[in-house]
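Listed below, chain by chain, are the residues.
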Amino acid sequence: MPNALTLFKSNCTLSDSWLEAFDARAVAVQGNLVITTPNMHFVPEFHHFAEEDLQARADGCFGVIDCLSPTMTLFVTLFAFLERRHFHPRIRYIGPGTLAPDKVDGLQSLLKLAEQRVRDYRKDQPDRGQIIYSRLLYLRHAITRLKSHPLTFRDLLIFVTDAQRLFLDIYSYIDWVLIAQPRTIFGVRHEVNMGWMGGFAQSSDICEKLFRAGVPAWYVRAIAYIPPKMMVVEPVLLTRPDHIIISMYAEGRKIRPFEVIYRGPGGRNRHIHIRRLYAGTTHQDPMSDKSSQPLSSSSRQASLGKAPKQKGKSRHRPYSIEARPTQSGESRDKWKDPETPFLPPPNLHWEGAMKIVNKDESRVHKPHVIDQGYRSPEPALLLGPKLPERLQLYLANWLAARPLWIGRVDHDPPRTYPTPQLWRDFLGSVPSIQPQSSKGKEPDGKSLTATEKGKRAMWDLFGDDLLETQGDIFSPEGVVEFRGEQVSIASLVAPPSLLVQKITWELFELGFRYELRDLDRYLARGCWNNDAVGREQLLHSIFPGEAGLVMWSELFLSENYGLWNNTLVGCLPYLESFRSLLCAWDDVPPCLLTPLTADNFTDTYCWEVRHVAATFYVQTFFNHFGRPPIVPHSLPMQS
């Protein structure tokens, strides 16, 4: 195979100032293509036509696809060596955790730089600033997530690299609009900016503009289009980076590859997938290109909560199959709380709304468009067992899996949420001392019992992370964590009522938040399509704190807050955000159409808006889900 060294002669006497856009400061050959650059000393390998899988590698980057990212000293200093020591699990077993504080501080400093750059840009370009401002909001949310959301180390890699790309997107976009693009208009040649990434061009016009603007440019063409009088300073071999990690992510000796998010040649589809946040979007094809196949069939099945068919060696499963007593309350009235000391007091507005809702089945929209499953276990379901040891098992399993599940629901929700029966099967499972695969051949799909099928589905939702999270919690010294409090597993045989009320209060709150999110994404889909960042900000502003919808590690509250703050001043901004969100839904009551201000917000008006908003939400939820919603409760009474 001929290369540039044999096809072209060097002429080192040529001055760079003599070269035009279609001459070659360096030239290389790749297959039947000739790649020239008028302003750089090397030619990188061209990854455009190759059919390859796009998926994150062991460091969270996309391998050679990321090799031409701009070299920024600030990033190299902060993130070149992201290791497990930068990951802080919440308890002594391996499980979800957060990014180390010094790394978060580094990200915060990058955010401040980006915010200042965007502020200056929006002053200079008021008509164009909204595009890049949305990227800044995404960056701000990404850093908040790394700071406060429960993430496995595997997910942490993805979100750190996403934050890097968002930061680079902001700087590169502003540099292009303010510096490079104006230079392409006037045609005056500028010195090449070695801090810019540059790009490949197959169009002579684009190559000319990049060259004049001082952007590193590589011109790709077939050898037949190379003019015989092209000036060549130096023929070179292709540059292939040797510092790029291409190995798949592994934990110990087990390979756990990330999803394939694009399969096919380079171009717009691949670029869009790289710039899209990785988690939670792997099933989406932004261009509906036939060549784009984001997921294999087995990946699609797993994301649906279905187990892909296995051939040969059976999969390692952490749960033994054991009998479970029939749960009480399976036919209970879910429109009201059962009588138990383990549930927090009801909120009067929500309790009233649940009583007066019209439960006529003819009101329910069918077929169901929104997944009817539960975003977290029903609080009353958690208390279903009558035997103390079964209640201990339910509570321990939930507290062990809680950080992992909260993180998944927030940033990478499953296609299908678990049913109540699926939650029972999981909560009533005991980690096996030996992997099930070592006990004999795993039964095929046709011979599985209902419980075995439920456990298989839950395994596909959690994967290996669940086994790691549970660790050795069922040893005699096993402990779990709840809101900064270490809880002994042994104490859960007869758990304190206040502790269980706190756990179920959080389940009510989480269920409400994520059901509200999914319902709003459907009913206000036009708002989400037009301004997803703004709509998400509005949703998050209903709840106090910086963590969005997530709550898991902060200390437990001592008084009602947010929507249910006991003071008018305290609840006004949150109730106004809730009212504003509901106004985008169909058939909104007239009472909710008037914005809430300090001037019109009285005790009477506050009570009316809360009552109408709760009633409207519960009725709308039933109309689309066909079941009762999970609604907020009052805080447990502290003794």
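Predicted model only: the values in this text are computed from it and were never measured.

On to helix α3 (residues 101-124), then. For α3, spanning 24 residues, the distance from its first C-alpha to its last is 35 Å, which sits close to the expected 34 Å at 1.5 Å a residue. Those residues of α3 not exposed but buried are Lys-103, Val-104, Gly-106, Leu-107, Leu-110, Leu-111, Ala-114, Glu-115, Val-118 and Tyr-121.

All right, on to the environment of Leu-538 then. For Leu-538, the location among the structural elements is in helix α17 (residues 532-540). Measuring from C-alpha to C-alpha, the distance between Leu-538 and Phe-578 comes to 8.2 Å, with 40 residues separating the pair along the chain. Other than its neighbours up to four places away in sequence, Leu-538 contacts Ser-577, Ser-580 and Leu-581.

The full count for this structure, using the stated rule, is 22 aromatic pairs. With a centroid separation of 5.2 Å and 90 degrees between ring planes, the pair formed by Trp-405 and Trp-423 is classed as edge-to-face. With Trp-405 in helix α11 (residues 388-411) and Trp-423 in helix α12 (residues 420-427), this pair connects stretches of sequence that are 18 residues apart. The pair formed by Trp-405 and Trp-423 is uniform in burial state, with each residue classed as buried. Measuring from ring centre to ring centre gives 5.4 Å for Phe-512 and Tyr-617, while their planes differ by 75 degrees; the resulting arrangement is edge-to-face. Of the two residues, Phe-512 sits in helix α15 (residues 497-523) while Tyr-617 sits in helix α19 (residues 603-625), which places them 105 residues apart along the sequence. With respect to class, Phe-512 is no different from Tyr-617; both count as buried. A network of ring pairs unites the aromatic residues Trp-350, Phe-512, Phe-543, Trp-564, Phe-578, Trp-585, Phe-616, Tyr-617, Phe-621 and Phe-625 as a single cluster. A cation over an aromatic ring shows up here: Arg-117 above the ring of Tyr-171, its NZ or CZ 4.8 Å from the ring centre.

A few words now on the pattern of salt bridges. If you walk through the whole model with that rule in mind, you get 22 salt bridges. For the salt bridge of Glu-20 with Arg-212, the shortest nitrogen-to-oxygen distance reads 2.8 Å. Separated by 192 residues along the polypeptide, Glu-20 in the loop between α1 (4-7) and β1 (26-30) and Arg-212 in helix α6 (residues 204-213) bring together distant segments of the chain. Residue class for Glu-20 comes out partly exposed when judged on its relative accessible area of 38%. Of the charged contacts, one joins Glu-378 and Lys-334 as a salt bridge, the two residues approaching to 3.2 Å between their closest N and O atoms. One end of the pair, Glu-378, is in the loop between α9 (348-356) and α10 (379-382); the other, Lys-334, is in the loop between α8 (297-303) and α9, with 44 residues separating them in the sequence. A cluster of three or more residues bridged by salt bridges with shared partners is formed by Asp-16, Arg-25 and Glu-234.

To continue, consider the packing of α15 against α19. Look at α15 against α19: their axes get within 11 Å of each other, and the N-to-C directions meet at 70 degrees. In terms of orientation, α15 lies roughly perpendicular with respect to α19. Seen along the crossing, α15 lies across α19 with a hand that is left-handed. From α15, Phe-512, Glu-515, Leu-516, Leu-519, Tyr-522 and Leu-523 reach across to α19, where they touch Tyr-617, Thr-620, Phe-621, His-624 and Phe-625. Grouping the constituent residues of the contact of α15 with α19 by class yields 8 nonpolar, 2 polar and 1 charged.

Attention shifts here to the state of the cysteines. By the definition in use, this model includes 0 disulfides. Its sulfur unpaired, Cys-571 is 3.9 Å from the next cysteine sulfur, which belongs to Cys-606. Between Cys-583, a free cysteine, and Cys-591, which holds the nearest cysteine sulfur, the sulfur-to-sulfur gap is 9.8 Å.

Another point: the confidence of the model for the protein chain. Per-residue pLDDT for the protein chain averages 80, and the proportion of residues at 70 or more is 78%. Across residues 280-329, confidence stays below pLDDT 50; counting only partners more than four residues off in sequence or on other chains, it has 117 contacts.

On to the packing of α11 against α15, then. At a minimum axis separation of 13 Å, α11 and α15 run at an interaxial angle of 25 degrees. Taken together, the axes of α11 and α15 lie roughly parallel to each other. Two packed elements cross with a definite hand, and for α11 against α15 that hand is left-handed. Residue-level inspection shows Leu-395, Trp-398, Leu-399, Arg-402, Ile-406, Val-409 and Asp-410 of α11 in contact with α15, the latter providing Val-500, Ile-503, Glu-506, Leu-507, Leu-510, Tyr-514 and Arg-517. Looking at side-chain class alone, the contact of α11 with α15 contains 10 nonpolar, no polar and 4 charged residues.

A separate point is the nonpolar core. Formed by 86 residues in total, the largest nonpolar core has its most connected members in Trp-350, Trp-398, Leu-516, Phe-578, Trp-585, Tyr-617 and Val-618. Discounting chain neighbours no more than four positions away, the residues touching Tyr-617 are Trp-350, Phe-512, Glu-515, Leu-516, Leu-519, Trp-585 and Pro-629. Formed by 38 residues, the second largest nonpolar core is a distinct cluster that contains Leu-54, Ile-65, Val-118 and Ile-143.

Below, the discussion takes up unusual backbone geometry. In this structure, Pro-367 follows Lys-366 across a cis peptide bond, with omega equal to 0 degrees. If you trace the backbone, Pro-367 turns up in the loop between α9 and α10. Non-glycine residue Arg-483 carries a positive phi angle of around 50 degrees. One can find Arg-483 in the loop between β11 (479-482) and β12 (485-488). Exposure remark for Arg-483: the relative accessible area of 4% places this residue in the buried category. The phi dihedral of Asp-587 is positive, around 60 degrees, even though this residue is not glycine. Considering the arrangement of structural elements, one finds Asp-587 in the loop between α18 (568-582) and α19. Given a relative accessible area of 72%, Asp-587 falls into the exposed group.

Moving on to the pairing of strand β7 (residues 217-222). β7 sits mainly inside the fold: 5 of its 6 residues count as buried. By the bridge criterion, 4 bridges tie strand β2 (residues 33-37) to β7 in an arrangement that is antiparallel. Within β7, the position partnered with Ile-35 by the bridge is Val-220. Note that strand β6 (residues 199-201) and β7 share 3 bridges and pair parallel. Bridged to Ala-201 within β7 is Tyr-219.

A separate point is the sheet that holds β2. Taken in spatial order, the 4 strands line up as β1-β2-β7-β6 in an open sheet, and their pairing is mixed. Each edge of the open sheet is held by one strand with a lone partner, namely β1 and β6. With strand direction ignored, the average angle separating the axes of adjacent strands in the sheet is 25 degrees.

Along the polypeptide, His-349 turns up in helix α9. According to the relative accessible area criterion, His-349 is buried, its value standing at 10%. The residues contacting His-349, other than those within four sequence positions of it, are Trp-564, Trp-607, Arg-610, His-611 and Ala-614.

As a further point, take the environment of Ala-114. Take Ala-114: it is sitting in helix α3. With 22 residues separating them in the primary sequence, Ala-114 and Leu-136 have C-alpha atoms 7.2 Å apart. If we ignore the near neighbours within four places in the chain, the residues touching Ala-114 are Leu-136, Leu-139, Phe-167, Ile-170 and Tyr-171.

So, how was this worked out
Residues numbered from 1 in each chain as written. Predicted model: local features only at pLDDT ≥ 70, side-chain atom pairs only at ≥ 80, totals over all residues. Heavy atoms only, no water. Helix = DSSP H or I, 4+ residues; strand = E, 2+ residues; numbered from the N terminus. Expected span 1.5 Å × (residues − 1). Buried < 20%, exposed > 50% of the residue type's maximum accessible area, 1.4 Å probe, protein only. Contact = heavy atoms within 4.5 Å. Phe/Tyr/Trp six-rings, centres within 6.5 Å; stacked < 30°, edge-to-face > 60°. Lys NZ or Arg CZ within 6 Å of the ring centre and 35° of its normal. Salt bridge = Lys/Arg side-chain N within 4 Å of Asp/Glu carboxyl O. Axes fitted to C-alpha atoms, helices over the stretch in contact; angles between N-to-C directions. Parallel < 35°, antiparallel > 145°, perpendicular 65-115°, else oblique. Left-handed = near helix turned anticlockwise from the far one by under 90°. Nonpolar A, V, L, I, M, F, W, Y, C, P; charged D, E, K, R; others polar. Disulfide = S-S within 2.5 Å. pLDDT = per-residue confidence, 0-100. Core = buried A, V, L, I, M, F, W, Y, C linked by side-chain atoms within 4.5 Å. Pairing = 2+ DSSP bridges.

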